[in-house]
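Chain by chain, the residues:
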Amino acid sequence: MDPPAGELPLDDPDPDGPSPVAAPARFRNARTSIGRYARSGGGEQMRRAVGHYVRSGYGGAATMARRLNGTSRTAARLGAVLQPGVQADLAAARDAAIAGGKNAQSVLDAIVEAIRPVDGTQDAESSRRAVRDALSDVLERYPEADLLDLDDFQRQFVVQRFVGLDVYNRFCLDLGEKLDEHASSASVAAARFAEVREYIAATVAAEFDKLWAAGVTPASPDLARVTQGALRETFKVFEGYLQ
């Protein structure tokens with residue numbers, strides 16, 4: 001079924017062709033590095049794990065950026081829906097705000113549904129969790145923020161945070177079990193996951209800072225395309241640690 005007019009399709013990872021076929025044992029090098037990192041810590045092993053994840057796990061920066069085309073499209077939809085003014089997509093969120101006395105959790109749930117409806121896929125669940133966490137993080141960073149009326153800086157933060165967290169969630173889907181398995185305790189595992197999370201999110205944010213400085217906004221009509229470019233540059237940084 002085609003999406004409604006003006007909406008971005010979210011379930012096609014590569015509209016120009018089929019997703020790249022993964023090679024057997026593609027995560028072998030990444031698993032080795034993430035196991036070493038889980039056991040002993042150290043940023044070098046963590047960065048090497050992420051680098052191998054991109055290079056051998058997904059065939060390099062350009063291929064992985066194409067594979068995450070759905071992330072780019074969701075980012076564009078997130079930026080568009082959160083624009084100021086009356087947005088039809090936020091009608092349910094506004095109803096929830098009225099019904100719940102602007103209860104943040106009710107509003108957050110409604111926004112997640114507007115941005116990324118459930119479709120039963122891991123990609124959708126990853127993105128839904130990333131949208132939710134990005135919205136929660138903007139409230140933590142800006143306690144006075146109104147999710148239905150974010151300012152420019154807050155919208156920028158939500159978009160770039162979503163992208164970073166979506167990449168992190170996918171990393172966890174592929175390698176999280178290995179990290180958990182080799183950590184010496186639950187608290188150590190939690191600390192390792194947090195470090196990976198912030199490393200990925202910070203690297204993504206650095207690329208988005210360049211976009212914002214160049215005049216791109218969350219409302220830009222080509223945000224999906226430039227987000228894919230930012231992802232490609234991010235993945236190049238990750239691969240660079242293997243040089």
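One can find the structure itself at the top, above this paragraph.
(A) Local environment of the overall build of the chain. When helices and strands are counted, the chain shows 10 helices and 0 strands. Seen in sequence order, the chain has helices and strands lined up from the N terminus as α-α-α-α-α-α-α-α-α-α. In the chain, which comprises 243 residues, the share counted as buried stands at 49%. Sequence-distant contacts in the chain: of pairs separated by 6 or more residues, those separated by 24 or more amount to 72%.

(B) Summary view of the packing of helix H6 (residues 104–115) against helix H7 (residues 122–141). Where H6 meets H7, the axes come as close as 9 Å, and the angle between the chain directions of the two elements is 140°. One finds that H6 runs oblique with respect to H7. In terms of crossing hand, the pair formed by H6 and H7 is right-handed. Residue-level contacts link Ala104, Gln105, Leu108, Asp109, Ile111, Val112, Glu113 and Ile115 of H6 to Arg128, Val131, Arg132, Leu135, Ser136 and Leu139 of H7. Class assignment of the residues belonging to the contact of H6 with H7 gives a composition of 8 nonpolar, 2 polar and 4 charged.

(C) Examining the side chain of Glu207 more closely. Its place among the elements puts Glu207 in helix H9 (residues 186–213). Here Glu207 is in contact with Ala230, Glu233, Thr234 and Val237, once residues within four sequence places are set aside.

(D) The pattern of salt bridges, seen in detail. Inspection of every chain in the model, using the stated rule, returns 17 salt bridges. A salt bridge links Arg55 to Glu239; its shortest N-O distance comes to 3.3 Å. Residue Arg55 is found in helix H2 (residues 43–58), and its partner Glu239 is found in helix H10 (residues 223–240); the two are separated by 184 residues along the sequence. Here Glu239 falls in the buried class, since its relative accessible area comes to 14%. Between Arg155 and Asp152 there is a salt bridge, and its shortest N-O distance comes to 2.3 Å. Taken together, the residues Arg155 and Asp152, both in helix H8 (residues 152–182) and 3 residues apart, mark about one turn of the helix. Judged by relative accessible area, Arg155 falls into the buried class, the value being 4%. A single salt-bridge network, built from bridges that share partners, covers Arg67, Asp123, Asp166 and Arg170.

Each value, and the rule that gives it
Residues numbered from 1 in each chain as written. Predicted model: local features only at pLDDT ≥ 70, side-chain atom pairs only at ≥ 80, totals over all residues. Heavy atoms only, no water. Helix = DSSP H or I, 4+ residues; strand = E, 2+ residues; numbered from the N terminus. Buried < 20%, exposed > 50% of the residue type's maximum accessible area, 1.4 Å probe, protein only. Contact = heavy atoms within 4.5 Å. Axes fitted to C-alpha atoms, helices over the stretch in contact; angles between N-to-C directions. Parallel < 35°, antiparallel > 145°, perpendicular 65-115°, else oblique. Left-handed = near helix turned anticlockwise from the far one by under 90°. Nonpolar A, V, L, I, M, F, W, Y, C, P; charged D, E, K, R; others polar. Salt bridge = Lys/Arg side-chain N within 4 Å of Asp/Glu carboxyl O.

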